[in-house]
2 protein chains.
Amino acid sequence: MNEIKNYIKSHEMSEMHPSEIATILRGMDDEKFSKAIKLVPKKLVGDVALALPDRYFDDVVENLSVDELSQAVSELESDDQVEFMQELEDVDENVASKVFETLDEDDKKEITQLQKYNENEAGAYMQLEVFTAHADEIVQDVIKRFARLRKENELENVQNLFIVDNHHKLLYSVGLDDLLIFDFSKTIEENIKESDESFEPIKAYDKEDIKVVVERFKQYDVSVMPVVNEHGILRGRITSDDIYDIINEHATEQMYNLAGVDDEAEDDEDVLKAGRKRAYWLGINLLTAIAASLVIGLFEDTINSMVALAVLMPIVASMGGNAGTQTLTVVVRQLALGEISNGDAWRSIKKEVAISLMNGFLFAVVMGIIAYLWFKMPMLGVVIGLSMIINLLMAGFFGAMIPLALKWLKIDPAIGSTVILTTVTDVVGFFSFLWLAKIILL
Amino acid sequence: MNEIKNYIKSHEMSEMHPSEIATILRGMDDEKFSKAIKLVPKKLVGDVALALPDRYFDDVVENLSVDELSQAVSELESDDQVEFMQELEDVDENVASKVFETLDEDDKKEITQLQKYNENEAGAYMQLEVFTAHADEIVQDVIKRFARLRKENELENVQNLFIVDNHHKLLYSVGLDDLLIFDFSKTIEENIKESDESFEPIKAYDKEDIKVVVERFKQYDVSVMPVVNEHGILRGRITSDDIYDIINEHATEQMYNLAGVDDEAEDDEDVLKAGRKRAYWLGINLLTAIAASLVIGLFEDTINSMVALAVLMPIVASMGGNAGTQTLTVVVRQLALGEISNGDAWRSIKKEVAISLMNGFLFAVVMGIIAYLWFKMPMLGVVIGLSMIINLLMAGFFGAMIPLALKWLKIDPAIGSTVILTTVTDVVGFFSFLWLAKIILL
């Protein structure tokens, strides 16, 4: 009960950061949560809801009225408004449209505008609130206007002043650290001309792939980037906190794709939805496993005459699968991080083949000796050793080739590559081992 | 040759961003590269070298003299100086110590200071250049000092003014957007008292785990954070560009760990080094594969009397391995992103077991029918169906349990968890299938 008591003093909460409130709320059971969420100051509740994991959004919606939700939305910045409305729609379309109706016209227009972007477009991640000025304005006046906007809470976390022309076309980006040392009695244009800094903006286009924009943030080490449309008209800005989230989301997507998991379905509380998506990839894996079994089936007689082969054959396939996954993971990740450029593909394949041959020989010797000692048959050791070399070589080659080929075909190298690879390593593993056994041992 | 000609106009290069120069250099062969790198303006060559992938560092060192390298280092900010010296040491310790000797005393002191931090400590990622003031200074004077420091190129990319006491203890952090609307004729203290904003700094400790600091950046949506020591003395700052890199590095580390690959060894150009680290995990995988084979060996007689079992058994193991990897990946990633908190472990296990049971039943039916049609034995279908359910259930349960248990034991949940999991799914897969076949079919 102590926690709730603390919440009653809601003036204290208004001094807390939304994410701090969210952290405390997460530790509560349903009953406490529903009491506490109602006590969160209305100007913070939107940010708190977004700082909570998605699965709490239902509880937030349940415990707030349409008016309270609407107030929460209106306190948010434009990009967060869009996110809030999106989550609200996912939970209850009916409530979402009611909340939308109660918003003021500006908010409605902004939300509709931002919702038009695809989730892979930079525009989907921008906020529309920016601090702009014309080149012929006196610096002193611009700062006065800024002070007024700050007081009205219209602008938060400003790092740059964007200079636009009469058509709102972006001309320059002036960091506040530069603005601060400008001559306040002169115009911005005059200051820019007198400076030897470059005020050429490093910008993003609203329809540009967000992945490319993230690379640009990293390349130029910037913490904010203006977003313009195809005519150069300033539309909004993307800030570093969006970039942190996007980098994490892309990494998650990649890991999930490699494992045959859908990142959006997993975010959902609905177990059926996540399960269905996973079943899809398991289904494909079943087909490849059956393909491998068909290969084994070709050698039924061979196995019948020497059951030791059945005992040993999974080892070759398993080692190939693991070595291939090592290569695949490295190549997929290095492609994503831009560490393998177009000219580097060949270098990458050579490196991977070299490593896999090296480890192929190593484990051929190790496993050859083990098989010999286990079954007291020297030639069985030779057979498993040879097939180990063949399969690890294939694993290295295809582990590198598959993602490079997918990339070349403009397909995401992380999607499906694991399944293709294990098909290769299973089929090659079983076939090489059993076929060599048939011709050498029998 | 056109490219080189462009480079000759080196005054043009001095207007380019280091990462743009790096991009052009990457497209060149060795000969062109060595000519071009010498033409890069000396004040940029350090940044260019750091913007190139690690494997180019050798070429940079080869083509520059000790004096040139030393000049390159002295132009860098402190955190980049440390990185440059580190890479230089990796390439040639002898040259590195010569370069270090030629640096001025301040640079030497700073580099030595920063090198003392562990790579998991926040201090290792900070730069020492910060913009500070005392609370009793008049804002106007502070801005004048700032303008002077900017002109001397001592401060770049400043977003905050850090207010310290006489012992350099951090008191407040003032964003430049706040500073801009301060009354310039009053002291900072007076301005802070009159404002209703909070200037309490969101800070990091130099010995703190960098992962915790990254979470704090995300939690508070900040693009810069002051770093203090255990006495609250301001040491430096960490900026958003460091955070982009760290988020990516941690994601890479996690993906690599799941695949049995060492991220540091892979960064090295030395194929032997990467290969040895991979061989380590392949060796552990060999042990688990042999364990699975020993299980198969227990049922040699069973297989001898029905070779169809050898054909089908890899399917059960493969499906278990895949379903388990799906679960494992999701749980490892959600743990890393803080989406599974301490109280959530049970919820997570329940969810994963539910999904795996669901898919277990689905593929039991599918594979049961296939096995029946393939080998015309209804009971073989029942056997493979039952073992499919058992193995997918175990896959879901252990796929969730293993990372949660490792986390609870304060071990990185990504390291080694894949190998433990596949041991479980292989052993359970082979054992359940062959044992059920023995008691039901024979």
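Residues numbered from 1 in each chain as written. Chains lettered and ligands numbered in written order. Predicted model: local features only at pLDDT ≥ 70, side-chain atom pairs only at ≥ 80, totals over all residues. Heavy atoms only, no water.

The name recorded for chain A in an unreviewed UniProt entry is Magnesium transporter MgtE, from Sulfurimonas paralvinellae. The record held by UniProt for chain A lists under Function (unreviewed entry) the comment "Acts as a magnesium transporter." Per UniProt, chain A has the following entry under Subunit (unreviewed entry): "Homodimer." (UniProt positions renumbered as here; feature names shortened; annotations may be inferred.)

Describing the overall build of chain A
Looking only at helices and strands, chain A has 22 helices and 6 strands in total. Rg of the C-alpha trace for chain A: 30 Å, well past the compact-globule value of 22 Å for 442 residues, more than 25% over. Along the three orthogonal principal directions, the C-alpha set of chain A runs to about 95 × 60 × 35 Å. By the burial criterion, 56% of the 442 residues in chain A qualify as buried. Looking at chain A alone, contacts between residues at least 24 apart form 67% of all its contacts between residues at least 6 apart. Carbon together with sulfur atoms contributes 53% to the accessible area of chain A, which is approximately 19300 Å² in total. Each charge sign in chain A was given a centre, from 40 positive and 75 negative side chains, and these centres are 3 Å apart. (Helix = DSSP H or I, 4+ residues; strand = E, 2+ residues; numbered from the N terminus. Rg over C-alpha atoms; globule rule 2.2 N^0.38 Å. Buried < 20%, exposed > 50% of the residue type's maximum accessible area, 1.4 Å probe, protein only. Contact = heavy atoms within 4.5 Å. Areas by Shrake-Rupley, 256 points an atom, 1.4 Å probe, with all protein chains shown as cover. Lys, Arg positive; Asp, Glu negative; His and termini not counted. Charge placed at Lys NZ, Arg CZ, Asp CG, Glu CD.)

A word on the pattern of salt bridges
Evaluated as defined, the whole model comprises 34 salt bridges over all chains. In this structure, the salt-bridge partner of Arg278 of chain A is Glu266 of chain A, at a minimum N-O distance of 2.8 Å. Pair noted here: Arg278 of chain A is in helix 17 (residues 271–297) and Glu266 of chain A is in helix 16 (residues 263–267), with a separation of 12 residues, a long-range link. Neither residue differs from the other here; Arg278 of chain A and Glu266 of chain A are each classed as buried. Lys186 of chain B is paired through a salt bridge with Glu194 of chain B; the nearest N and O atoms lie 2.9 Å apart. A residue is classified by how much of its surface remains accessible, and Lys186 of chain B, at 26% relative accessible area, is partly exposed. Accessibility expressed as a relative area gives 52% for Glu194 of chain B, which makes it exposed. Ionic contacts of the salt-bridge type, sharing partners, join the residues Arg26 and Arg55 of chain A together with Asp344 and Arg347 of chain B into one network. (Salt bridge = Lys/Arg side-chain N within 4 Å of Asp/Glu carboxyl O.)

Re the relation of the copies chain B and chain A
Two chain copies here: they are related by a rotation about an axis and a translation along the same axis. Between chain B and chain A, which share one sequence, the superposing operator has a rotation angle of 180° and an axial displacement of 0.0 Å; the RMSD is 0.1 Å. Each copy turns onto its partner about a two-fold axis. When you check the interface residues of chain B against chain A, 100% turn up at the interface there too, and the contact is symmetric in its surfaces. (Least-squares fit on C-alpha atoms with pLDDT ≥ 70 in both.)

Quick word on the interface of chain B and chain A
Think of interface size as the accessible area that goes away when the parts come together; that is how it is often given. At the interface, 109 residues of chain B touch 109 residues of chain A. Here chain B meets chain A over a buried area of about 9300 Å², counting both sides, of which 63% is carbon and sulfur. Of all residues in chain B, the largest losses of buried area upon contact with chain A belong to Leu180, Tyr244 and Met255 of chain B, amounting jointly to 8% of the total for that side. On inspection of chain B and its partner chain A, the count reaches 40 residue pairs in polar contact (both at pLDDT 80 or more). In terms of residue count, the dominant contributor to the side of chain B that touches chain A is helix 17 (residues 271–297) of chain B (18 residues). For the side of chain B that touches chain A, the class distribution of residues is 57 nonpolar, 28 polar and 24 charged. (Buried area = accessible area lost by both parts, 1.4 Å probe. Polar contact = N/O pair within 3.5 Å; in protein donor to acceptor, adjacent residues only side chain to side chain. Nonpolar A, V, L, I, M, F, W, Y, C, P; charged D, E, K, R; others polar.)

Notes on the sheet that holds strand 1 (residues 132–133) of chain A
Hydrogen bonds between backbone atoms are what pair the strands of a sheet, whose relative direction is either parallel or antiparallel. Residue and element names in this part refer to chain A. Across the sheet, which stays open at both edges, the 3 strands sit in the order 1-2-3 with mixed pairing between neighbours. Strands at the two margins of the open sheet, each flanked by one partner only, are strand 1 and strand 3 (170–175). Summarising the sheet, strand 1 and strand 2 (residues 160–164) pair through 2 bridges and their orientation is parallel. When the sheet's bridge partners are listed, Thr132 is paired in strand 2 with Phe162. (Pairing = 2+ DSSP bridges.)

A look at empty space enclosed by the protein
A complete count under the given rule lists 4 cavities of 30 Å³ or more for this structure. The space that makes up the second largest cavity amounts to roughly 50 Å³. Taken together, the elements giving at least two residues each to the lining of the second largest cavity come down to helix 17 of chain A together with helix 19 (308–336), helix 20 (345–375) and helix 21 (378–408) of chain B. When grouped by side-chain class, the residues that make up the lining of the second largest cavity number 4 nonpolar, 5 polar and 1 charged. (1 Å grid on protein atoms, 1.4 Å probe; cavity = no way out; pocket = protein on both sides within 12 Å on 5 of 7 lines; lining within 4 Å. Points joined across faces, edges and corners; volume = space filled by probe spheres on them.)

Digging into the UniProt feature "domain: CBS" (unreviewed entry) in chain A
In the numbering adopted here, UniProt assigns the feature "domain: CBS" (unreviewed entry) to residues 197–253 of chain A. Along residues 197–253 of chain A the backbone is 44% helical and 23% strand, and the end-to-end C-alpha distance reaches 39 Å.

Examining helix 5 (residues 42–51) of chain A
Counted residue by residue, helix 5 of chain A has 7 buried out of 10 residues, so it is predominantly covered. Among the residues of helix 5 of chain A, Lys42, Leu44, Val45, Gly46, Val48, Ala49 and Leu50 of chain A are the ones counted as buried.

Focus on the domain arrangement of chain A
Structurally, chain A comprises domain 1 (2–116), domain 2 (132–247) and domain 3 (260–441). On a C-alpha basis, the centroid separation for the pair domain 2 of chain A and domain 3 of chain A is 51 Å. (Domains from an automatic or database assignment.)

What to know about a negative patch on the surface
Residues Asp54, Glu83, Glu89, Asp90, Glu93, Glu119, Asp245, Glu249, Glu264 and Asp267 of chain A together with Asp221 of chain B make up a contiguous surface patch of negative charge. Elements represented by at least two residues in the negative patch include exactly helix 8 (78–91), helix 15 (240–259) and helix 16 of chain A. Element by element, the count of residues in the negative patch is highest for helix 8 of chain A, at 3 residues. Structurally, Glu249 of chain A is set in helix 15. Glu249 of chain A gets classed as partly exposed once you look at its relative accessible area, which sits at 44%. (Patch = residues over 30% accessible without salt bridge, like charges linked within 9 Å, V, L, I, M, F, W, Y side chains within 5 Å.)

Brief notes about the UniProt feature "transmembrane region" (unreviewed entry) in chain A
Residue and element names in this part refer to chain A. If you check UniProt for "transmembrane region" (unreviewed entry), the listed places come out as residues 279–299, 353–375, 381–406 and 418–441 in our numbering. Helix makes up 90% of residues 279–299 and strand 0%, whereas the separation of the span's terminal C-alpha atoms amounts to 30 Å. In residues 381–406, the share of helix is 100% and the share of strand is 0%. The end C-alpha atoms are 37 Å apart.

What to know about the sheet that holds strand 3 (residues 170–175) of chain B
Residue and element names in this part refer to chain B. Pairing in this open sheet of 3 strands is mixed, and the strands run 1-2-3 from one edge to the other. The two strands at the open ends of the sheet, each matched to only one other strand, are strand 1 (132–134) and strand 3. Direction aside, the axes of adjacent strands within the sheet are offset by 30° on average. Bridge count for strand 1 against strand 2 (residues 160–164) is 3 bridges, and the pairing is parallel. Each bridged residue has a counterpart across the sheet, and for Ala133 the counterpart in strand 2 is Ile163. (Axes fitted to C-alpha atoms, helices over the stretch in contact; angles between N-to-C directions.)

A few points about the confidence of the model for chain A
Taken as a whole, chain A shows an average pLDDT of 91; of its residues, 97% reach a score of 70 or greater. At the low end of the mean pLDDT range in chain A sits helix 1 (residues 2–8) of chain A, at 53; at the high end sits strand 4 (residues 204–205) of chain A, at 98. (pLDDT = per-residue confidence, 0-100.)

Here we look at the pairing of strand 5 (residues 224–228) of chain B
Residues and elements named next belong to chain B. Burial analysis of strand 5 places 5 of its 5 residues in the buried class, the great majority of the element. Burial along strand 5 is two-sided: Val224, Pro226 and Val228 facing one way and Met225 and Val227 facing the other are all buried. Pairing of strand 4 (residues 204–205) with strand 5 involves 2 bridges; the strand directions are parallel. Bridging across to strand 5, Tyr205 finds its partner in Val228. Note that strand 5 and strand 6 (residues 234–239) share 5 bridges and pair antiparallel. What sits directly across from Val228, in strand 6, is Leu234. If you look at the hairpin formed by strand 5 and strand 6, you'll find 5 residues sitting between the two strands, and Gly232 has a positive phi there, around 85°.

Describing the pairing of strand 3 of chain B
Residue and element names in this part refer to chain B. When strand 2 meets strand 3, the two strands line up antiparallel, connected through 5 bridges. Each bridged residue has a counterpart across the sheet, and for Phe162 the counterpart in strand 3 is Ser173. Hairpin geometry of strand 2 and strand 3 is characterised by an intervening segment of 5 residues between the two adjacent antiparallel strands and by a positive phi of about 70° at His168.

Description of a nonpolar patch on the surface
Residue and element names in this part refer to chain A. A surface patch of nonpolar side chains, about 710 Å² in accessible area, is lined by Leu298, Met379, Val382, Leu386, Phe431, Trp435, Ile439 and Ile440. Put simply, the parts of the chain that give the nonpolar patch at least two residues each are helix 21 (378–408) and helix 22 (417–441). Ranked by residue count, the leading element in the nonpolar patch is helix 22, at 4 residues. Within the secondary structure layout, Met379 lies in helix 21.

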